[in-house]
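# Inside the fold
Listed below are the residues making up each chain.
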Amino acid sequence: MSKASIILPTYITKQPSTGKEVKFRPFTVKEEKALLLALQEEDITTVTTAIKNTVGVCTSWELDPETTPYYDVEYVFLKIRSKSVGEILDLIGSCECSPTAKTPFSVDIGDTVVKPSPVENINIKIPDTTYTVIARHPSISDFASLAQTNGESATQVVANCITSVFTDDEVMSWDSTEKMEFVESMSPKQQKELAQFLKNMPMTSIPTKYKCKACGKEHVGSLSGFENFFV
Ligand SMILES: [Zn+2]
């Protein structure tokens, strides 16, 4: 390390799904530039890779963005962003009263919530079989592959999210192809609880509130999605 290096401070946050402490540092100007460039490309793979790298590097890979649930990565990313750039996001609110009604307002990253309350991996018993699966919520990479989706990649994501399959007396050591065959062989009824678990995944969001400057209408909502967290 050269003498000119600045030692970045370390902060601690909690991973929403596990409650575990995660140490992180802010991102640097150079890292921010790379993020902004990636975002401009509007290509989901580029953006996903940039976010995974940022969260990975800033947490010294304590958080593995490849398998960590999406909302955990978003939450930790927002914490990193708040310590790197600032706690406040300045935004412009629109209103249906007029296309020219623009109301500047701001939100506090400290108000970020993850709802509904996340749970760590859960056990799901597959009806009419002796199988139980342990599933995790989709990661950011799972989402990226769903966005470029066809039916097959949706099944692949479900298979990815199965971390373990077992019966009363055996733990399966299946690879991803076997897990996929397992998912594909289920009836809709058998898949129901698993699909429900994935569908009801918690979301990370920041509450928003502003009063339209033109008509006075109160707008209450929330901000979510990485593209909105960069402003
Ligand atoms: Zn208005």
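Above this note sits the structure.
Throughout what follows, the structure given in this document is the object of discussion. Computed from a predicted model, the values in this text were never measured in an experiment.

## Concerning the sheet that holds strand β5 (residues 113-115)
The three strands are arranged β5-β9-β10 in an open sheet whose pairing can be described as antiparallel. Edge positions in the sheet fall to β5 and β10 (218-223), since each has one partner strand and no second. Each neighbouring strand pair of the sheet contributes to a mean axis angle of 40 degrees, computed without reference to strand direction. Pairing analysis gives three bridges linking β5 to strand β9 (residues 203-211), with the strands arranged antiparallel. Note that in β9 the partner of Val113 across the bridge is Ser205. Sheet contacts for helix α3 (residues 70-84): β5 and β9; angle to β9, the most-contacted strand, approximately 55 degrees.

## Some thoughts on helix α6 (residues 176-184)
Residues spaced three or four apart along an α-helix point in a common direction, a consequence of the helix completing one turn every 3.6 residues. Taken as a whole, α6 has its buried residues at Lys179, Met180, Phe182 and Val183. Seen from one end, α6 has its buried residues packed into an arc of 160 degrees, which puts them on one side. Its side-chain oxygen 3.2 Å from the backbone nitrogen of Thr177, Asp175 forms the N-cap of α6.

## A look at unusual backbone geometry
For the peptide bond that leads from Lys115 to Pro116, omega is -10 degrees, which places it in the cis range. Mapped onto the elements, Pro116 comes out in the loop between β5 and β6 (122-125). With phi around 60 degrees, Asp128 is a residue other than glycine that occupies positive phi space.

## Focus on the coordination of the zinc ion
Summarising the metal site, the zinc ion is bound by the protein donors Cys95 (SG), Cys97 (SG), Cys212 (SG) and Cys215 (SG), whose distances to it range over 2.3 Å. If you look at the zinc ion, its four donor atoms make angles of 105 to 111 degrees with each other, and the shape they trace is tetrahedral. Along the chain, the residues donating to the zinc ion fall in the pattern C-x1-C-x114-C-x2-C. Judged by its relative accessible area of 44%, Cys215 falls in the partly exposed class.

## Quick look at the sheet that holds strand β7 (residues 132-135)
Read across the sheet, three strands follow the order β6-β7-β8 without closing on themselves; strand pairing throughout is antiparallel. Of all the strands in the sheet, just β6 and β8 (162-166) have a single pairing partner and so form its edges. Put simply, the sheet's adjacent strands are angled 25 degrees from each other on average, direction ignored. Bridging between β7 and β8 involves four bridges; their strand directions are antiparallel.

## So, the packing of aromatic side chains
Within this structure, the stated rule accounts for six aromatic pairs. Geometrically, the ring pair formed by Tyr131 and Trp174 is tilted, given 5.9 Å between the ring centres and 55 degrees between the ring planes. Linking Tyr131 in the loop between β6 and β7 with Trp174 in the loop between β8 and α6, this pair joins segments that are 43 residues apart in sequence. Judged by relative accessible area, Trp174 falls into the partly exposed class, the value being 24%. Put simply, the rings of Tyr131, Trp174 and Phe182 pair up and form one aromatic cluster.

Rules and cut-offs
- Sequence positions are assigned chain by chain, starting from 1 and proceeding in written order.
- For a predicted model such as this one, the threshold for reporting local features is a pLDDT of at least 70, and the threshold for listing and counting side-chain atom pairs is 80 or more; totals across whole chains, interfaces and linings nevertheless cover every residue.
- In computing side-chain properties, one takes all heavy atoms of the structure into account and sets aside hydrogens as well as water.
- Two strands qualify as a pair provided DSSP detects at least 2 bridges between them.
- What counts as a helix is a DSSP run of H or I of at least four residues, what counts as a strand is a run of E of at least two, and both are numbered from the N terminus.
- Here an angle of 0 to 180 degrees is reported between the N-to-C directions of two axes, which are lines fitted to C-alpha atoms, with helices fitted over the stretch in contact.
- Here, residues are in contact when the closest pair of their heavy atoms is within 4.5 Å.
- Here the term buried applies to any residue with accessible area under 20% of the maximum for its type, exposed to any over 50%, and partly exposed to those in between, with areas from a 1.4 Å probe on protein chains only.
- The arc under discussion is defined with respect to the helix axis, by the directions toward the C-beta atoms.
- Contacts described as polar in this section are N or O atom pairs within 3.5 Å, which, within protein, must combine one atom able to donate a hydrogen with one able to accept it, while residues neighboring in sequence count only if both atoms come from side chains.
- Any N, O or S atom lying within 2.8 Å of the metal counts as a donor, with the limit raised to 3.2 Å for Na, K and Ca; because water is left out of the atom set, some sites can appear incomplete.
- The rule is simple: four donors are tetrahedral if all their angles sit between 85 and 135 degrees, four are square planar and six octahedral if opposite donors span more than 155 degrees and the others lie between 65 and 115, and anything that fits none of that is irregular.
- To pair, rings of Phe, Tyr and Trp, with the six-membered ring standing in for Trp, must have centres within 6.5 Å; the planes then decide the type, stacked if under 30 degrees apart, edge-to-face if over 60, and tilted in the middle.

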